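Residues per chain are reported as follows:
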Amino acid sequence: MEEAHTLEFREINTKWENDIQNHLTFTKEQLSNLKEKHNAEKAQVLDRLEKQLPKKPKYSAVLLNMIKIQANLARAKEYGEANMVKQRVIAMQNEEDEKWRQDRLKKINTQLSILQKRHDNEENSMRMKYEEVENTLKKSKSVELEKLVQKYQNMKQELLNYQQQEFNRAQKPPFKA
């Protein structure tokens, strides 16, 4: 009886361990697929942003006016003044280029941050769902093993009671009429 109990206990334990392991493997696959999906989505968003956001900065009216002034001074052969205006134009152009780069980068980072938060929420939701399933499997395993142990304890107790009854009958003197 002990061997049968041990064998059945091992079989049930092995079955549940396999079920839990299969679930964990499935979970890893699903999380891996989700990460691939997120990476593809991130690449799509970056491509979309590259297409949407302008490639060149849009210069201010002041800068464009100064470029015209510089050209007019050069045509008027006022090279000294044209050179001074050119230096200011270059400085303003560099300043506006840098501001444009910063704004563009800020827009891209904001969109990527929003996307990353959404991805993190999706991943956490999936993890919680699969952890809940795993916990349910573990609880079911525990309940089934407890029932099995209780079943064998009951059988053992019944056997002991039966043996005690037989022993008591053997101890009683035969019935005399």
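Note: the structure precedes this text.
Here's a quick rundown of the structure.

Reading the values: rules and limits
Residue positions are given per chain, counting from 1 as you read along its sequence in written order. Local features in a predicted model are, by the rule used here, given only for residues with pLDDT of at least 70; side-chain atom pairs are given and counted only at 80 or more, and totals for whole chains, interfaces and linings are based on all residues. Processing note: side-chain calculations cover all non-hydrogen atoms of the structure and skip hydrogens and water entirely. To get an axis, fit a line to the C-alpha atoms, keeping to the stretch in contact for a helix; angles then go from 0 to 180 degrees between the N-to-C directions. Segments assigned H or I by DSSP are reported as helices when at least four residues long, segments assigned E as strands when at least two residues long, and all are numbered from the N terminus. Roughly parallel covers angles under 35 degrees, roughly antiparallel covers those over 145, roughly perpendicular covers 65 to 115, and oblique covers all other angles. In this scheme, a crossing is called left-handed if the near helix is turned counterclockwise away from the far one by less than a right angle; it is called right-handed if the turn is clockwise. Contacts are assigned to residue pairs with any non-hydrogen atoms lying within 4.5 Å of each other. Here the term charged refers only to Asp, Glu, Lys and Arg, the term nonpolar to Ala, Val, Leu, Ile, Met, Phe, Trp, Tyr, Cys and Pro, and the term polar to all other amino acids, Gly among them. Here the expected length of a helix is defined as 1.5 Å per residue gap, with one fewer gap than residues. For every residue, the accessible area obtained with a 1.4 Å probe (protein chains only) is divided by the maximum for its type, and the residue is called buried under 20%, exposed over 50%, and partly exposed between those limits. Think of it as the arc spanned by the lines of direction from the helix axis to the C-beta atoms. Planes of paired rings set the category: under 30 degrees apart is stacked, over 60 is edge-to-face and the rest tilted, where pairs are Phe, Tyr or Trp rings (Trp by its six-membered ring) whose centres lie within 6.5 Å. The criterion is that NZ of a Lys, or CZ of an Arg, lies within 6 Å of the ring centre and within 35 degrees of the ring normal, and then a charge sits over that ring.

Quick look at the packing of helix α2 (residues 61-75) against helix α3 (residues 79-171)
Stage number 1. Between α2 and α3, the least distance of the axes is 9 Å, while the angle of their chain directions is 155°. Comparing the axis directions of α2 and α3 gives the class roughly antiparallel. Relative to α3, the crossing made by α2 is left-handed. Together, Val-62, Leu-63, Met-66, Ile-67, Ile-69, Gln-70, Leu-73 and Ala-74 of α2 and Tyr-79, Glu-81, Ala-82, Val-85, Lys-86, Arg-88, Val-89, Met-92, Gln-93 and Glu-96 of α3 make up the contact between the two elements.
Stage number 2. Tallied by class, residues from the contact of α2 with α3 come to twelve nonpolar, two polar and four charged.

What to know about α2
Stage number 1. Here α2 contains 15 residues, and its C-alpha end-to-end distance of 21 Å stays within 8% of the 21 Å for a straight helix at 1.5 Å per residue.
Stage number 2. Three or more residues of α2 are buried, namely Leu-63, Met-66 and Leu-73. For α2, the angular spread of buried residues about the axis comes to 80°, placing them on one side. In α2, the exposed residues that point more than 90 degrees away from the buried face are Ala-61, Lys-68 and Arg-75.
Stage number 3. Residues of α2 that are buried in the fold lie against α3.

Thoughts on the packing of aromatic side chains
Describing an aromatic ring pair means giving the distance of the ring centres and the angle of the ring planes.
Stage number 1. Enumeration over the complete set of coordinates arrives at one aromatic pair.
Stage number 2. On the numbers, 5.7 Å between centres and 85° between planes, the contact of Phe-26 with Tyr-130 is edge-to-face. Linking Phe-26 in helix α1 (residues 2-52) with Tyr-130 in helix α3, this pair joins segments that are 104 residues apart in sequence.
Stage number 3. Overall, Phe-26 belongs to the partly exposed group, its relative accessible area being 38%.
Stage number 4. The residue whose ring lies beneath Lys-15 is Trp-16, and the NZ or CZ to ring-centre distance is 4.0 Å.

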